[in-house]
Amino acid sequence: MLQYDMEFDPAADRQGDGERDEAAEGSARYAADDEVYVFDDDEVVLAVNVALKTGRPLLLFGPPGSGKSSLAPNVARILGWEYHAHVVTARTEPEDLLWRFDALKRLNDATAKVLNPKISYYYTEGPLWRAFATAETKRSVVLIDEIDKADPDLPNSLLGPLGSLSFPNPWDEETAVSVKPELAPLVVITTNDERELPKPFLRRCIVFELAAPGREHLLKVAESHLGERYEPELAEQVAEHLITVRSRLEDSAAGPSTAEYLDALKASQQLGVRPGTAEWKTLERVTLRKRREGLEPAR
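These lines cover the structure that appears in this document, whether it is placed above or below. (Residues numbered from 1 in each chain as written. Predicted model: local features only at pLDDT ≥ 70, side-chain atom pairs only at ≥ 80, totals over all residues. Heavy atoms only, no water.)

Tallying secondary structure elements over the protein gives twelve helices and nine strands in all. With 299 residues in all, the protein has 44% of them scored as buried. Of the contacts formed within the protein by residues at least 6 apart in sequence, a portion of 77% connects residues at least 24 apart. Summed over its atoms, the accessible surface of the protein is roughly 16,300 Å², and 48% of this surface lies on carbon and sulfur atoms. (Helix = DSSP H or I, 4+ residues; strand = E, 2+ residues; numbered from the N terminus. Buried < 20%, exposed > 50% of the residue type's maximum accessible area, 1.4 Å probe, protein only. Contact = heavy atoms within 4.5 Å. Areas by Shrake-Rupley, 256 points an atom, 1.4 Å probe, with all protein chains shown as cover.)

Strand pairing in a sheet relies on backbone hydrogen bonds, with the paired strands running either antiparallel or parallel. The strand order across the open sheet built from five strands is S2-S5-S8-S1-S9, with neighbouring strands paired in parallel fashion. Looking along the sheet, the strands with just one partner apiece sit at the ends: strand S2 (82-87) and strand S9 (206-209). Strand-to-strand, the axes of this sheet are offset by a mean angle of 20°, without reference to chain direction. With four bridges connecting them, strand S5 (residues 140-145) and strand S8 (residues 186-190) associate as parallel partners. Bridged to Val-141 within S8 is Leu-186. Lying over the sheet, helix H2 (residues 42-54) contacts strand S1 (58-61), S8 and S9, oriented at roughly 165° with respect to S9. Along the sheet, helix H3 (residues 68-79) makes contact with S1, S2, S5 and S8, crossing S5 at roughly 170°. (Pairing = 2+ DSSP bridges. Axes fitted to C-alpha atoms, helices over the stretch in contact; angles between N-to-C directions.)

Once that is clear, we can look at the side chain of Asp-96. Assignment of secondary structure puts Asp-96 in the loop between S2 and strand S3 (99-101). Of note is the side chain of Asp-96, whose polar atom sits 2.8 Å from the backbone nitrogen of Glu-93. Contact partners of Asp-96, with chain neighbours within four places excluded, come to His-86, Arg-91, Gly-126 and Pro-127. (Polar contact = N/O pair within 3.5 Å; in protein donor to acceptor, adjacent residues only side chain to side chain.)

This next bit is on the packing of aromatic side chains. Scanning the model with the defined rule gives eleven aromatic pairs in all. Pairing Phe-101 with Tyr-123 gives two aromatic rings, centres 4.8 Å apart and planes at 45°, and the pair type is tilted. In this pair, Phe-101 sits in strand S3 while Tyr-123 sits in strand S4 (residues 123-125), placing the two residues 22 residues apart along the sequence. With relative accessibility at 34%, the residue Phe-101 sits in the partly exposed group. Since its relative accessible area comes to 19%, Tyr-123 is described here as buried. For the ring pair Trp-129 and Trp-171, a centre distance of 5.6 Å and an interplane angle of 25° mean the geometry is stacked. Pair noted here: Trp-129 is in helix H5 (residues 127-133) and Trp-171 is in the loop between strand S6 (166-169) and strand S7 (172-178), with a separation of 42 residues, a long-range link. A residue is classified by how much of its surface remains accessible, and Trp-129, at 7% relative accessible area, is buried. Within the aromatic cluster, the residues linked to one another by ring pairs are Trp-99, Phe-101, Tyr-123, Trp-129, Phe-132, Phe-167 and Trp-171. (Phe/Tyr/Trp six-rings, centres within 6.5 Å; stacked < 30°, edge-to-face > 60°.)

Bringing the nonpolar core into the picture now. Grouped together as the largest cluster of nonpolar side chains are 30 residues, with contacts concentrated most on Leu-128, Ile-144, Ile-147, Leu-158, Ile-189 and Phe-201. Mapped onto this core, the elements with two or more residues apiece are S1, H5, S5 and S8. Take this core: its biggest share by element is four residues, from H5. Ignoring any residue separated from it by four or fewer positions in sequence, one finds Ile-144 in contact with His-86, Val-88, Leu-97, Leu-158, Val-187, Val-188, Ile-189 and Thr-190. (Core = buried A, V, L, I, M, F, W, Y, C linked by side-chain atoms within 4.5 Å.)

Once that is clear, we can look at the pairing of S6. Bridge analysis of S6 against S7 gives four bridges, and the strand direction is antiparallel. The partner of Phe-167 across the bridge, within S7, is Val-177.

What follows concerns helix H9 (residues 215-226). The terminal C-alpha atoms of H9, which comprises twelve residues, lie 16 Å apart, in line with the 16 Å expected from a rise of 1.5 Å per residue. Residues of H9 that are buried in the fold lie against helix H10 (232-247) and helix H11 (258-271). Residue Gly-227 follows H9 closely and has a positive phi angle near 60°. (Expected span 1.5 Å × (residues − 1).)

Structure below.
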């Protein structure tokens, strides 16, 4: 049992414990992947609280399917905070997390002689700008997903805004966009560890590594996603097949993810294709095995 002064407490998540709104119950829908995160690891809960108390970003490592991307929106939901996300790509510029200037639109407007005299019209607020600007009304959780996809300059570019909780207004150098420390957002950053991150950046983060999901975790996730449709025996059987696939790979981190487990489970349930049947071999191949090397044919 957790015994410290928690700002973030997953036990307060009433909806995550099985309460569903009327619309969800009426449609009997499956929960979307980012709607459910099972906080069954006390250490990750503590890591979130450390990040909140220190004001540092929470940097998450872990294999695919460990829940790196779904943690942030669920923390926001439980805390009742706003949620902003940015998925990093190879073309992401450092400024994109703060703002984006639409030079093409301004050029087109100028050519068409409909140029807006206010330069601010051509700026779009990025996730950190929105989190800073709305903090007086409601605090935010910001997800910066797959930061290792970007140029190494991008992580270092965050040190200034996240350290000072302020950055210059791009069209008015005499003003700044800022937030009070007690209202600062929780910034969650994920990495697939495909590129080494700068050491100065790592020193300014709370770092936590998520483990590949085990059997019990998979079953809890399945129950949270499926609700009344949850079938314990089927969920256990599909989980066992996933673990078997993972165990036969040299790199277990390359094994099937939680999302792939849910795909296999939902398909099995809705199609009536159970493990052990002839059709299961194909279902397992297209959902769990895919093109992973070094695997024997499914039985």
